[in-house]
Structures are given as structure tokens and as C-alpha cells.
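Read off the chains here:
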Amino acid sequence: MILVTGGAGFIGGNFVLDWVAGSDEPVLNLDKLTYAGNLETLASLQQCAGHVFVQGDIGDGALVAQLLADHKPRAVINFAAESHVDRSIHGPADFIQTNIVGTFNLLERVRVYWSELSEPEQTQFRFLHVSTDEVYGSLQPDEAPFAERDPYEPNSPYAASKAASDHLVRAWHHTYGLPVLTTNCSNNYGPFHFPEKLIPLVILNALAGKPLPVYGDGQQVRDWLYVKDHCAALRQVLEAGRVGETYNIGGWNERTNLHVVQAICTQLDELRPRPDGHHYAEQIQFVADRPGHDRRYAIDARKVANELGWRPAQTFESGLRETITWYLANPEWISGVTSGSYRDWVGLHYGQ
Ligand code: NAD
Ligand code: TYD
């Protein structure tokens, strides 16, 4: 079996759902269920024998050691993290705790477990660490996209904490021989995305008749990847990636934030026209910029394409349509995540 951490979150949840749909190999899913973790995402797996959920912290060494001993996974895929840049600006402590200390504790327990495996099992074992392109910092408009050997220049508390975790993973390979793989991916979007991030926030605010907040001038550029394409890349890296290597994963879809928001508005105009006949784009509002806002991210995904044959299946436009269609069809999931602490966050951050 495989052990997935953070499998009740956005990407981990999609990964678990896709894994169970495409494989007979069971998944053990360890997730703390922070505000970002949601068992509703996994509701379709309630009767599924191939999925075992455990609520717990990757930093809980005793629990992790017990799970490893009991279930004997052949791989660990580490999604668990605090993942939202804006929250890391308001309160970085949880990011240091989970992303750095938690990853350290997980690595240590996995190292002990791995060192006691038989030699063939040790050779087969993998620790796949799921990370972000934000560790590379910000690009000028004319600079080449991030490549695997670029220096780390993280700018936000989130990015710095993920960079630190990547360094720990690298060191556990070089020092102890743990068979690790690291992926650095661009911005994901798709089903089950918590609506504090740009794309789901804009879809839901648009439908609710609320302002669509665009930070600063809206000319910041991100590379966007449909989440199921990311999950396919991770499966490919897990099975065929070279131990100790890093793979950059991206969608070849650089877009300004303003373009992204306008594209959502245009698709919504068609799929769910406003009752008053006006365009959703009229709800766009430019708001105060994020402190230290990185101007541009872009990923050079040639290594994963050339070595492992992975390429994204979705274009930005087709993936966005899938995403909007999913949000329109799943109001129960949305109402489950937009109550309580979510409202507190919106009030704190946007002052509403
Ligand atoms: P998310 O915030 O939606 O989910 C994170 C999950 O981890 C949640 O289910 C949460 O409950 C769980 N978690 C948090 N702290 C934990 C802990 N201490 N122990 C166990 N579980 C814990 O995040 P996401 O968008 O799904 O991102 C998953 C991973 O992918 C993260 O490591 C993130 O850095 C990385 N990543 C995300 C993106 C993106 O665009 N979302 C892009 C590249 C990389
Ligand atoms: P986000 O989804 O938070 O991802 P990240 O910061 O990890 O890239 O934000 C994506 C981009 O959208 C980022 O440049 C910030 C911008 N943004 C807004 O303009 N308005 C918003 O309300 C949010 C949440 C983000």
C-alpha cells in the first residue's frame, strides 16, 4: 500500500480519488483535518476497502511510526502542508510547524522504518515530497521559466517554509540514502479547491453577487495546471522518477491574474448568466496588493516530459470549464466549506 499525507486537502484529495479509481493498491490517508482538510471530498470512498483514513499530524512521531509498522507502505507521498500564502502572511507559525518541523518528524520516522526494511524493499521504497514553484522566487517578464537547477529564492513565509522542507528532503537522501523524489509544481486548480484561493474564490463570489478582488494591478503572472494533470504527473514520478531527483511540473499556461478572473467571468456568463443580464466582469474590484507579492512564476516542465513522458492533458480553457462546471454541480460541498472558520478568514482578510 501507499501512505498519503494531507489526502483530505485539495490536491491530496484529488490524488486519493484518482488513485482508488485507477489502482487496486490500497491507500492509507493521514490528515490532521485543519480548516483546509475536508472529509466531504472523500465521501465517495466511505464504503471503499482500499482507502483507510486516519486523522493525525505528520509531526506526531509515535502515530507515524505506528502507522508505518502496521501498514508497511512501499511509498509515502507527502502533501500535508499549510498552503495559503495570504494566511502565511497573517500568521506564519503554523507554516513553520507543519511544513518544516512536521516534514522533519515525518522524514525521521520514515527513515527509521525504511532502514529496517529488507534490501529489496529498501530499493523499492520511495518518499515523494510534493512542493511548489514558489520556492524559486519571482521572475522578471523576460526571464526563462524555473528549471530544476535554479537557485531557491523564496519570498513569502509559505514559500520559505516549503523551501526549507525541500532542503530537508534532499539532505535525508544525501546523508542517509532515503530514496526521495521531489516535485515542484505551479498553481493548481480544479474540483475540491478550498475557496480561499483565487479561482474558486472568484467563481463563488461571482455567483453570490459579491466583489471579485484582484490584488494590485492584476498583472502578476502564474502558470496554471489542472489538478488531475498534476496527479497524473505525480503517479508518473512515483513509478519512474530517478531517486534523488527533482521534477518541475507545470501547465505551460502563463496567465495574468486579471486574465484568469476575466476568463472565469466569460465562462460564467455563458454557463450561468446573471439574472439581471449584466456581465460578471462588472463585479471585478481592484484591492490592496499582497505584501511582497511575487510578480511572475513560470515552469520549465521539459525534464518531466523528456524523462517520464508526462504532459498536461488539459488546456487552461478546458480545465477551467471542467472546474466551473464542477462548482456549479456541487453546492453541498461548497456550503460545507464556506461556513464558520471560512467566514472568519474572509472577514479578517478582505474586511467584509
Ligand atoms: P491544502 O491546504 O488544500 O491541503 C493540505 C492538507 O494537509 C489538508 O487536508 C490539511 O488538513 C492537511 N494538513 C495540514 N497540516 C497537517 C499536518 N500537520 N499533518 C497532517 N495533515 C496536515 O493544500 P493543497 O493545495 O492540496 O496542497 C498540497 C501540497 O501541494 C502542499 O504541500 C502544497 O505546498 C503543494 N502545492 C500546492 C499547489 C497549489 O496550487 N495548491 C501547487 C504546488 C504545490
Ligand atoms: P492564490 O490562489 O492565493 O495562489 P498563490 O499565491 O499560491 O499563487 O493566488 C493566485 C494569484 O491570485 C496570486 O498572484 C494572488 C492573486 N489573488 C488575487 O488577486 N485576489 C485574491 O483574492 C486572491 C486570493 C489571490
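Coordinates for the structure precede this section.
What you see is a predicted model, and the numbers here were worked out from it, not measured in a lab.

**Focus on the site of ligand 1**
Near ligand 1 there are 28 residues, and of these Ile11, Asp31, Ser83, Tyr158 and Lys162 occur at the shortest range. In the model, a nitrogen atom of ligand 1 is placed 3.0 Å from a nitrogen or oxygen of the isoleucine 58 main chain. In isolation ligand 1 exposes 840 Å². Once the protein is present, 97% of that is buried. Secondary-structure elements contributing two or more residues to the shell around ligand 1 are helix 1 (10-22), strand 5 (126-132), helix 6 (157-176) and strand 7 (187-189). Among the elements that take part in the shell around ligand 1, strand 5 stands out by supplying three residues, more than any other. When grouped by side-chain class, the residues that make up the shell around ligand 1 number 12 nonpolar, 12 polar and four charged.

**A short note on the site of ligand 2**
Surveying the vicinity of ligand 2 reveals 17 residues, the closest of which are Glu134, Asn257, Arg290, His293 and Tyr350. Note that an oxygen atom of ligand 2 is positioned 2.6 Å from one of the side-chain N or O atoms of arginine 290. A distance of 2.7 Å separates an oxygen atom of ligand 2 from a polar atom in the side chain of histidine 293. Among the elements of the structure, helix 3 (85-90), helix 7 (198-207) and strand 8 (212-215) are those that each provide at least two residues to the shell around ligand 2. Residue composition of the shell around ligand 2, grouped by class: seven nonpolar, four polar and six charged.

**Digging into helix 11 (residues 316-329)**
Count 3.6 residues to each turn of an α-helix, and residues three or four apart come out pointing the same way. The end-to-end C-alpha distance of helix 11, which contains 14 residues, comes to 20 Å, matching closely the 20 Å that a straight helix rising 1.5 Å per residue would cover. Every buried residue belonging to helix 11 is among Phe316, Gly319, Leu320, Thr323, Ile324, Trp326, Tyr327 and Leu328, and all of these are buried. Tucked inside the fold, the buried residues of helix 11 contact strand 7, helix 7, strand 9 (221-226), strand 11 (254-256), helix 9 (257-271) and helix 12 (331-337).

**A word on the packing of aromatic side chains**
For the structure on display, the rule yields 19 aromatic pairs. Consider the rings of tryptophan 326 and tyrosine 327, whose centres lie 4.9 Å apart with planes at 85°: the pair is edge-to-face. Neither residue differs from the other here; tryptophan 326 and tyrosine 327 are each classed as buried. A network of ring pairs unites the aromatic residues Tyr136, Phe146, Tyr152 and Tyr297 as a single cluster. It is arginine 111 that lies over the ring of tyrosine 176; its NZ or CZ is 4.0 Å from the centre.

Cut-offs applied
- Residues numbered from 1 in each chain as written.
- Chains lettered and ligands numbered in written order.
- Predicted model: local features only at pLDDT ≥ 70, side-chain atom pairs only at ≥ 80, totals over all residues.
- Heavy atoms only, no water.
- Near = heavy atom within 4 Å.
- Polar contact = N/O pair within 3.5 Å; in protein donor to acceptor, adjacent residues only side chain to side chain.
- Areas by Shrake-Rupley, 256 points an atom, 1.4 Å probe, with all protein chains shown as cover.
- Helix = DSSP H or I, 4+ residues; strand = E, 2+ residues; numbered from the N terminus.
- Nonpolar A, V, L, I, M, F, W, Y, C, P; charged D, E, K, R; others polar.
- Expected span 1.5 Å × (residues − 1).
- Buried < 20%, exposed > 50% of the residue type's maximum accessible area, 1.4 Å probe, protein only.
- Contact = heavy atoms within 4.5 Å.
- Phe/Tyr/Trp six-rings, centres within 6.5 Å; stacked < 30°, edge-to-face > 60°.
- Lys NZ or Arg CZ within 6 Å of the ring centre and 35° of its normal.

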